[in-house]
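# Structural description and commentary
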Amino acid sequence: MRVDLFDFNLPQDSIALRPADPRDSARLLVVPAGGSFQDRIVLDLPDYLRAGDALVVNDSRVIHARLSGRRFRDALSAHVEATLIERLDASRWRALMRPAKKLATGDRIRFARRGCAQGDEVGKAEINARVEAKGEDGEITLAFELHGPALDEAIEQSGVMPLPPYIAGKRSADARDESDYQTIFAREAGAVAAPTAGLHFTPKLLAAIEARGVRLYRVTLHVGAGTFLPVKAEDTDLHRMHEEFARLDAETAQALNEVRAGGGRIVAVGTTALRVLESAADDAGRFAPYGARTRIFITPGYRFRAVDMLLTNFHLPRSTLFMLVAAFAGLERMKAAYAHAIESGYRFYSYGDACLLQRCEK
């Protein structure tokens with residue numbers, strides 16, 4: 001399909017720079033398969049669920065993936081910034097770096113650890129890495145001297161929360177983002193962007209959902225930076241989808257199969273949870289344990305096998321996420337929903353409001 005079919009104009013003042021407070025007071029646009037849109041708030045979500053449904057959330061935790069340091073080559077040095085985007089193994093990461101064009105294979109990078117005193121021993125006050133490779137798309141492979149948990153701890157000590165560019169371009173990350181940009185489900189460290197639909201949940205909302213007779217289940221997908229980038233190709237067939245690690249354990253897969261067998265609906269909280277579920281389901285909609293990298297790319301025409309309803313935020317134009325929701329609820333339906341949201345003052349993107357989508361039946 002032509003990528004320009006998924007374009008729309010969004011006023012800059014529609015982009016949320018802070019989340020709603022409390023989180024569950026964010027607005028909720030309900031988009032049923034037919035009929036009128038409904039303007040509610042997230043705290044009203046239990047009204048659209050029923051006993052026996054399964055609510056599936058992503059428990060990925062955002063790491064401090066944005067690092068600042070210096071590049072060293074012979075006697076020369078220069079300031080660099082890195083955003084880690086994908087863990088390759090226990091000591092290597094793919095990263096987006098600035099200025100990438102001035103980096104060369106073999107360059108040494110020293111990232112300063114926050115909170116280290118000036119007199120600290122070199123090595124304790126720094127994280128050392130080497131530019132192992134440069135990709136054609138400008139991505140850099142960094143090989144760190146530290147390994148495993150020691151590297152993870154150093155990154156947490158040294159980096160800052162990697163806010164999306166449409167927020168970071170307008171303000172710096174601060175102490176509020178440490179909690180604002182992390183869901184209450186977060187426990188599996190590895191994401192470099194938040195699974196943003198989960199940001200709306202509070203203990204009060206979870207208690208209301210449980211009282212409704214709805215069970216909560218967890219999957220993991222470590223969100224990569226590519227999730228939120230616009231598609232640059234002119235046709236979806238030419239787009240190379242990013243990969244992300246996804247996991248659905250055996251116990252959860254069995255429980256979800258029992259939900260479906262009992263007539264319950266599978267409600268995905270976020271496109272990340274949906275991508276895990278669709279990756280793990282067979283053609284009959286039955287789930288199997290899954291623990292692998294997924295490159296599932298969902299565009300209109302895709303036949304959904306696993307998910308009946310989707311809670312998600314409002315996404316960027318020309319992005320794979322807007323393509324996904326267009327596939328789920330219908331392209332013209334979602335264009336109309338987004339036009340309604342813009343006209344009605346809904347707040348967009350990671351810190352913005354939410355919509356609840358019912359799957360359209362082909």
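Here the residue numbering is sequential within each chain, running from 1 through the sequence in written order. Reporting in this predicted model follows two pLDDT cut-offs: at least 70 for local features of residues, and 80 or more for side-chain atom pairs to be given and counted; totals over whole chains, interfaces and linings ignore these cut-offs and use all residues. By convention in this description, side-chain values take in all heavy atoms of the structure and omit both hydrogens and water.

### Let's talk about the overall build of the protein chain
Along the protein chain, the regular secondary structure elements total 8 helices and 17 strands. Taking 2.2 N^0.38 as the reference for a compact globule, 362 residues should give roughly 21 Å; the C-alpha atoms of the protein chain span a radius of gyration of 21 Å, in line with that estimate. Counting only C-alpha atoms, the protein chain reaches 70 × 40 × 40 Å along its principal axes. Summary of the burial criterion: residues with accessible area below 20% of their type's maximum are buried, those above 50% are exposed, and those between are partly exposed, where the area comes from a 1.4 Å probe applied to protein chains only. Scored against the burial criterion, the 362 residues of the protein chain give a buried share of 54%. The charge count treats Lys and Arg as positive and Asp and Glu as negative. His and the chain ends do not count. Here the site of a charge means atom NZ of a Lys, CZ of an Arg, CG of an Asp or CD of a Glu. Within the protein chain, the 48 negative side-chain charges are centred at a point lying 2 Å from the centre of the 49 positive side-chain charges. Under the scheme used here, helices are H or I runs from DSSP no shorter than 4 residues and strands are E runs no shorter than 2 residues, and both carry numbers assigned from the N terminus. For a compact globule the rule gives 2.2 Å times the number of residues to the power 0.38, and the radius of gyration it is set against comes from C-alpha atoms.

### So, the pattern of salt bridges
Think of a salt bridge as a Lys or Arg side-chain nitrogen and an Asp or Glu carboxyl oxygen that are within 4 Å of each other. Tallied over the full model, the rule gives 29 salt bridges. Two residues, Arg 2 and Asp 4, come together in a salt bridge whose shortest N-O distance is 3.0 Å. Accessibility expressed as a relative area gives 47% for Arg 2, which makes it partly exposed. With a relative accessible area of 39%, Asp 4 lands in the partly exposed category. For Glu 132, the salt bridge goes to Arg 92, with nearest N and O atoms at 2.7 Å. Pair noted here: Glu 132 is in strand β9 (residues 126–134) and Arg 92 is in strand β7 (residues 92–98), with a separation of 40 residues, a long-range link. Three or more residues are tied together by salt bridges with common partners; here these are Glu 86, Arg 94, Glu 139, Glu 243, Arg 293 and Arg 295.

### Observations regarding helix α1 (residues 149–158)
Turning to α1, its buried residues number three or more, namely Leu 151, Ala 154, Ile 155 and Ser 158. Projected onto a plane normal to the axis of α1, the buried residues spread over an arc of 100 degrees and lie on a single side. Here, residues are in contact when the closest pair of their heavy atoms is within 4.5 Å. Residues of α1 that are buried sit in contact with β5 (66–73), β6 (76–87), β7, β8 (108–112), β9 and β10 (140–144). Note that the arc is defined by the directions from the helix axis to the C-beta atoms.

### Digging into the nonpolar core
Grouped burial of nonpolar side chains is what soluble globular proteins tend to show. Working definition of a nonpolar core: buried Ala, Val, Leu, Ile, Met, Phe, Trp, Tyr and Cys residues. They are joined through side-chain atoms within 4.5 Å. Judged by nonpolar contacts, the single largest core of 70 residues is most densely connected at Leu 248, Leu 256, Leu 274, Leu 277, Phe 287, Phe 348 and Leu 357. If sequence neighbours within four positions are ignored, Leu 357 has contacts with Val 31, Asp 308, Met 309, Leu 310, Thr 312, Val 325, Phe 328, Ala 329 and Met 334. One finds Ala 95, Leu 103, Phe 144 and Ile 155 within the second-largest nonpolar core, a separate group that totals 22 residues.

### Digging into the packing of aromatic side chains
Two rings belonging to Phe, Tyr or Trp (six-membered ring only in the last case) form a pair when the distance between their centres is within 6.5 Å. Interplanar angles under 30 degrees mark stacking, angles over 60 mark edge-to-face geometry, and anything in between is tilted. For the structure on display, the rule yields 15 aromatic pairs. Each ring, one from Phe 314 and one from Tyr 338, has its centre 5.2 Å from the other, and the planes form 70 degrees; the classification is edge-to-face. Of the two residues, Phe 314 sits in the loop between β16 (309–313) and α7 (320–329) while Tyr 338 sits in helix α8 (residues 331–343), which places them 24 residues apart along the sequence. Each member of the pair Phe 314 and Tyr 338 is classed as buried. What links up through ring pairs into an aromatic cluster is the set Phe 6, Phe 8, Tyr 166, Phe 314, Phe 322, Tyr 338, Tyr 346, Phe 348 and Tyr 349.

### What about the confidence of the model for the protein chain?
A residue's pLDDT is the confidence the predictor assigns to it, expressed on a 0 to 100 scale. Taken residue by residue, the protein chain gives an average pLDDT of 92. The fraction at 70 or more is 95%. The low-confidence segment residues 116–123 (pLDDT under 50) makes 5 contacts with residues lying over four places distant or belonging to another chain.

### Some remarks on unusual backbone geometry
Cis geometry marks the peptide bond from Asp 21 to Pro 22, where omega comes out at 0 degrees. Of note, Pro 22 is situated in the segment before β1 (27–31). Residue Pro 99 follows Arg 98 across a cis peptide bond; omega there is -5 degrees. One can find Pro 99 in the loop between β7 and β8. Look at Asp 74: it is not a glycine, yet its phi comes out positive at around 55 degrees.

### Quick look at the state of the cysteines
The rule for a disulfide is simple: a pair of cysteine sulfur atoms within 2.5 Å. Applying the stated criterion across every chain yields a total of 0 disulfides. Between Cys 355, a free cysteine, and Cys 360, which holds the nearest cysteine sulfur, the sulfur-to-sulfur gap is 14 Å.

### A look at the layout of surface pockets
Definitions used for this entry: grid spacing 1 Å over protein atoms alone; cavity, a set of points where a 1.4 Å probe fits but cannot get out; pocket, an open set with protein on both sides within 12 Å along at least 5 of 7 lines; lining residue, one with an atom within 4 Å of a point. Grid points are joined across faces, edges and corners, and a volume is the space filled by probe spheres set on the points. In this structure, the second largest pocket occupies an estimated 190 Å³ of space. Along the walls of the second largest pocket sit 13 residues, with Arg 66, Val 160, Met 161, Ser 172 and Ala 173 positioned nearest its centre. Among the elements that line the lining of the second largest pocket, the one with the most residues is β5, at 3 residues. Basically, the charged four are Asp, Glu, Lys and Arg, the nonpolar ten are Ala, Val, Leu, Ile, Met, Phe, Trp, Tyr, Cys and Pro, and anything else, Gly included, counts as polar. Split by residue class, the lining of the second largest pocket holds 6 nonpolar, 4 polar and 3 charged.

### Description of the sheet that holds β9
Within a sheet, neighbouring strands are paired by backbone hydrogen bonds and run either parallel or antiparallel to one another. The antiparallel closed barrel is built from 6 strands, whose spatial order is β5-β6-β7-β10-β9-β8. Adjacent strand axes in the sheet meet at a mean angle of 45 degrees, parallel and antiparallel pairs treated alike. Relative to β9, β8 runs antiparallel, the two being bridged by 5 bridges. Paired with Ile 109 across the two strands is Ala 129, which belongs to β9. Two strands pair if DSSP finds at least two bridges between them. To define axes, lines are fitted to C-alpha atoms, for helices over the stretch in contact only, and angles between the resulting N-to-C directions are given on a 0 to 180 degree scale.

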